[in-house]
Structure formats: structure tokens, C-alpha cells
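An overview of the molecular structure
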Amino acid sequence: MKALVYQGPGQKDWQDKPAPSVLKPTDAIVRITRTTICGTDLHILKGDVPAVEPGRTLGHEGVGVVEDVGAAVRNFKKGDRVLISCVTSCGSCPNCKRQLYSHCADGGWILGHLIDGTQAEQVRIPHADNSLYPIPEGADEEALVMLSDILPTGFEIGVLAGQVKPGDTVAIVGAGPVGMAALLTAQFYSPGRLIMLDADPNRLEAALQFGATDVIDVTRVNAVEQLMAMTDGVGVDVAIEAVGIPATFDVCQHAIAPGGRVANVGVHGKSVELHLEKLWIQNITISTGLVNTNTTPMLMKTVQSGRIEPAKLITHRFRLADILKAYEVFGNAAKEKAMKVILAAD
């Protein structure tokens, strides 16, 4: 089969690789029908995730068709159409029993990280019963790809960890796919203002279409000064960091109101300077996290009902075989006006 293989920082190739097979009774083999590229994949290619070794197939999102299952798999059979969770969970270890699936003793975020991932024609999914979701009849599979990672990530690590409440002023720093997912799902809780910050005018325009009440172009104004001016010098109730660089975290910690919550969602490859000497006296809560995907079933219902429309985040479509071109487009998102790309198998 063909797969997108990481070959070290800055290097990748679409190449032949042996097709996966069932290794454990709880495994399933899924033929990929649609997948995508995540900002985390770009971080891997930059060398920000050293645990990813050369030779690894990248990718942790997608939908597909079950091709084979191990003897212990009960919930799925060959031919079933499934959504692949970016987090693998055994369902029985102490962390899984408290829905901390990202820290499963025999799973967590392993696809495209510690084991071969979904940017391939086929993928092996460990603990299939707890790591796959059946696709409802007639569902928009492109929209459901957004449920593999970005929608639960923005919701769980941004909105829920940030404790967004009715009437809150919320600043989302970074209008990429995860920031947009936080924007879409924050609206479940009726915040008073949703302020999106980014350097890309196209993404800011999209944010207004997706429900932002205000936008800030950080190339034109000082972001912290603008947020403070917009809140009469008080600051925002919730600041969601959705980029993963020191400068964006800095905006969050300097523009947060007393008693506010900073929810860090971005993948950081470098340390940040934490101004604890100022934050402690303001009763600031800072949260970080890796998505657990425990909200995926609920989010799937909201997508099915039309309450949120994550398919709007898709800007480009490619054949799976054209994944190198897709990476080029996604890696130059501002120039290409790209948000989320979909790769469809032939």
C-alpha cells in the first residue's frame, strides 16, 4: 500500500509500505476513505515531537471501512463504516475508567506518533471497540473527519477547560482549524463576546462567518492593548491559546481578567515565559491538555442535528495520492487561503 512516511525533520514521502495486519485480538484494520492533515503533523515535520521516529506513517484523523477485525472485537465487523478517533483507548485501565483516554496505559495519542497513522491506504487501529465510532447512515463523512481530532480538541481543551459561561468575553488566539473548532463549540454556552485573533485576514473573515463577534488582526494592532481597550481595561474572562508559540501564550496571560481562565490548546515545541509573579494575585487558572475525545459521541449528535457544521472548515480537497501537494497547500495556509484539507481515496 501507499503511505505518507516521515523521514526526519523536514522530510516526508508518499511511498510503498507493507499493508498492516491484525497483531492483537482487539485490533481492526481500516481502509481509509477520507483523511486530513493536522497542525500537529506540521509540528512533527518541524521536529517539535521527537518521539516520532523516521519511518513512521503520519496522520491521526479519518474515516474508513473496516477490512478485518481481531477475534476479541465485538462492536465492529468487516464492511462497517467508521470514524477513527485520534486517541486510542483500551477502556479498562485506571485512566480510561475516569475518561482520561489520552493517557490510556496502552494507547492515548499513538496514531501517527508512536505507531503508523491514517495518512495511508490502510491503518491498524488498536482497541477498536473503544477507538472507533460507527458512522450513522447518510452522514456527511467529510464533516465527520473533523470529529477525529479538531472538534473535540477545541471543545474539550479550549471551551470546557476554559469553563466558558453565558455572558463571558472569550478571546481565541489563533484562527486555525482548532481555534475555529473552539469558536464553533463555545457558542453552545452563549458567551457575550467571542473575539478571534489572527494574522490572516482571510481567516478572520471566516471567523466572523462562523460566529465571532469581533476580530483582531495582530499585524495591525498590539493584541493585548486592543483586548484591554475592548474590555474597558479589565481583560477577557477566557483566553484560548490555539497556536502553540510563546508569543500567542503571552497574549493570553497578559490580557486575562482577574479570576479568568487561560486554556492552552496549542502544541508547544518551545518553553514559554510564565509570568506567575503577576498571575498568582489575579486568581488566574491555567489549563493545558491533550484531547481525550470523551465528547465525540455528543459532538457527533450535534453535527447530525445540524447544530454545528464543521464541514464549513473544509477549504481544499485532494486525492489521497496527491497528499504531498496537499501538505504544500496546508503548510502555506495564509497564501493558499487554506483551513482544513480533505484527502479522499480513489
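Residues numbered from 1 in each chain as written. Predicted model: local features only at pLDDT ≥ 70, side-chain atom pairs only at ≥ 80, totals over all residues. Heavy atoms only, no water.

We now examine a nonpolar patch on the surface. Together, Leu-274, Leu-276, Trp-280, Ile-281 and Ile-286 make up an exposed nonpolar region whose accessible area comes to about 530 Å². As for its placement among the helices and strands, Ile-281 is situated in the loop between α10 (276-279) and β13 (285-287). (Patch = residues over 30% accessible without salt bridge, like charges linked within 9 Å, V, L, I, M, F, W, Y side chains within 5 Å. Areas by Shrake-Rupley, 256 points an atom, 1.4 Å probe, with all protein chains shown as cover. Salt bridge = Lys/Arg side-chain N within 4 Å of Asp/Glu carboxyl O. Helix = DSSP H or I, 4+ residues; strand = E, 2+ residues; numbered from the N terminus.)

Next up on the list: the pairing of strand β9 (residues 193-198). Most of β9 is tucked away: five of the six residues are buried. Both strand β8 (residues 169-173) and β9 contribute to a ladder of five bridges, which runs parallel. Bridge pairing in β9 places Thr-169 opposite Arg-193. Pairing between β9 and strand β10 (residues 214-217): four bridges, direction parallel. By the bridge assignment, Ile-195 is partnered in β10 with Asp-214. Each parallel crossover has a hand, and for β9 linked through helix α7 (residues 201-209) to β10 it is right-handed. (Buried < 20%, exposed > 50% of the residue type's maximum accessible area, 1.4 Å probe, protein only. Pairing = 2+ DSSP bridges. Right-handed = clockwise from strand over helix to strand, strands pointing away.)

Turning our attention to the pairing of strand β2 (residues 12-16). Bridge count between strand β1 (residues 2-6) and β2: five bridges; the pairing is antiparallel. When the sheet's bridge partners are listed, Tyr-6 is paired in β2 with Lys-12. Where β1 hands over to β2, the hairpin turn is made up of five residues, of which Gly-8 adopts a positive phi near 115 degrees.

So far we have only geometry, and geometry alone does not tell us how the molecule works.
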